Amino acid sequence: MSEVVKETQTPPVVMSGMRATGRLHLGHYMGVLRNWVHLQNDYTTFFMVADWHSLTTKYEDTLRLPEYRRDIVLDWLGAGIYPTKATLYFQSAVPEIAELHLLLSMITPNKWCETDPTLKDMITSGELNYGLLGYPVLQTADILAVGGSLVPVGKDQLAHLEISRDIARRFNHTTGQVIFHEPRPLMTETPSVIGLDGRKMSKSYQNGIELAFSEDETTKAIKTAITDAKRLKKTDPGEPNDCVAVFPWYQTFTDASTCETVASECRAGSRGCMDCKKQLAEAVNEQLRPLRERRSNYAQDLSQVDAIIDAGNTVAREKAGATLQKVRRAFNLV
Ligand code: TRP
Ligand code: SF4
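All figures in this text were calculated on a predicted structure; none of them were measured in a lab.

Novice: Can you explain the layout of surface pockets? Please cite residues and give values.
Specialist: Taken as a whole, the second largest pocket holds about 420 Å³ of empty space. Residue lining of the second largest pocket: 17 residues in total, with His101, Ser105, Tyr130, Gly131 and Gly134 positioned closest to the centre. Sorting elements by how many residues they give to the lining of the second largest pocket places helix H4 (residues 95-105) first, with four residues. Residues that form the lining of the second largest pocket fall into these classes: ten nonpolar, seven polar and no charged.

Novice: Can you tell me about the domain arrangement of the protein, naming the residues and giving the values?
Specialist: Structurally, the protein comprises domain 1 (13-193 + 302-330) and domain 2 (215-294). Counting residues at the interface gives nine residues for domain 1, matched by seven residues for domain 2. Between domain 1 and domain 2, roughly 680 Å² of surface is buried when both sides are summed, and carbon and sulfur atoms account for 76% of that area. Taken as a group, Leu26, Gly78 and Val193 account for 58% of the area that domain 1 buries against domain 2, more than any other trio of residues on that side. For the interface between domain 1 and domain 2, the tally reads zero salt bridges.

Novice: With reference to specific residues and values, describe the packing of aromatic side chains.
Specialist: When we look at a pair of aromatic rings, we describe it by the centre distance and by the angle of the planes. Per the counting criterion, the structure on display carries seven aromatic pairs. Residues Trp36 and Trp76 carry aromatic rings whose centres are separated by 5.1 Å and whose planes lie at 65° to one another, so their mutual orientation is edge-to-face. With Trp36 in helix H1 (residues 26-42) and Trp76 in helix H3 (residues 65-79), the pair connects residues that are 40 residues apart, well separated along the chain. Overall, Trp36 belongs to the buried group, its relative accessible area being 0%. Trp76 sits in the buried class, given a relative accessible area of 0%. Measuring from centroid to centroid gives 6.1 Å for Phe46 and Tyr89, while their planes differ by 85°, and the two rings are edge-to-face. Here the residue Phe46 occupies a position in strand S2 (residues 44-50), and Tyr89 occupies one in strand S3 (residues 86-90), the gap between them amounting to 43 residues. In this pair, the class of Phe46 matches that of Tyr89, namely buried. Within the aromatic cluster, the residues linked to one another by ring pairs are Trp36, Phe47 and Trp76. Positioned above the aromatic ring of Tyr205 is the side chain of Arg199, whose terminal nitrogen or guanidinium carbon lies 3.8 Å from the ring centre.

How each quantity is defined
Residues numbered from 1 in each chain as written. Chains lettered and ligands numbered in written order. Predicted model: local features only at pLDDT ≥ 70, side-chain atom pairs only at ≥ 80, totals over all residues. Heavy atoms only, no water. 1 Å grid on protein atoms, 1.4 Å probe; cavity = no way out; pocket = protein on both sides within 12 Å on 5 of 7 lines; lining within 4 Å. Points joined across faces, edges and corners; volume = space filled by probe spheres on them. Helix = DSSP H or I, 4+ residues; strand = E, 2+ residues; numbered from the N terminus. Nonpolar A, V, L, I, M, F, W, Y, C, P; charged D, E, K, R; others polar. Domains from an automatic or database assignment. Contact = heavy atoms within 4.5 Å. Buried area = accessible area lost by both parts, 1.4 Å probe. Salt bridge = Lys/Arg side-chain N within 4 Å of Asp/Glu carboxyl O. Phe/Tyr/Trp six-rings, centres within 6.5 Å; stacked < 30°, edge-to-face > 60°. Buried < 20%, exposed > 50% of the residue type's maximum accessible area, 1.4 Å probe, protein only. Lys NZ or Arg CZ within 6 Å of the ring centre and 35° of its normal.

In C-alpha cells form, the structure reads like this:
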C-alpha cells in the first residue's frame, strides 16, 4: 500500500503559523507574509497564531499575549490576507490540536526532537522544557489537524518540517491507515531583508521596520541605517557593495534603474548618505502605504477583527475535529 496520501484534495491545503511574539516587521512581510497573500488565491489556506508555541519559551511573561495575538492578525489583514479566502485562527481556540499533539507524541522518538537544531537555539533558561521539546510535534499537529500538505515557512523552519514529514510517515505506516500527507515546505525566493544595523532583522534588535510603524517612524528608523563606514564626507566616493543596509534595501524595494543611479552617484561622491536614506524611506513608505491603510481601518474596528477570528476558530475546529476522529479510530480509541 502506498504510504503517501494522494493529493486528491482540490485545491491542496496550505497551512502555516506564526508565534504571537509581537508586531510583525518588514522581514516577516518580505520573507513569509507576501507569499501567504499570493497563496490564498490558489489554495485552501489556514493561517494560525501559534499562541501555545509562544509559551514554549515565553511562559513567564504572558501579560501581553492577548494584544500580541490580535496584533498579528491585524498585520496579516493589513498585508492583504482576506478573511473570505483564508481561515485565520488561534491555536489555543482549537483544543483538538492538543489532543492530536498528544496522540502523535506516542509515535515520536525523543531523539527526533532532541536533535532538532532549531530547538537548540531556542533554549533560553539553560534547560530543555518538556513543552519546548515537543515544539516540532505540536507544530506537526497544527499542520496535520487541518489536512495541510504545503507549508510556507522561512528557512529556519525546515528542520521542524522534516520531523513533521517523519511523524506523518510513521503514523501512516504504524496504523496502516493512510490519513496524513507528508507536508512539504513552500519556500519563498526573496532573500531576507537585512536589519538596519546589518544584523538579521529582528524585533529584539530593534533594527527593522514594523508594519504598523507610521511614515515618520519609518523615516526615523531608516536614518539610523549603517552605510559604507569609509564615507565620512558627502563628497567621499562610496562603495554601494560595502553599504551595510541602505543599498541592499534599495535592491529589495526599488527597481534596477533606481539602483543603478544610486550606485553610480554613490561611487562618484555626488550622493550624500542622508539624502540617500531619505529617498529610500520614501520608497519604503510608498510600498507600505496600502498595507498601513488597510491595517488602520481594521484597527478602528476591532470587533470586526474578533469576529473574523471567531469565525476562523470555528472552521479550524470543525476540520481538526474530523481529522482527530480518524486518528482516534486508527488507535482504536473509539
Ligand atoms: N514555528 C513557527 C515559527 O516560529 C510557527 C508555527 C507554529 C508554524 N505552528 C506552525 C509554522 C505550523 C508552520 C506550520 O515561525
Ligand atoms: Fe549607501 Fe547611499 Fe551612502 Fe552610498 S550614498 S554609502 S548607497 S547610503
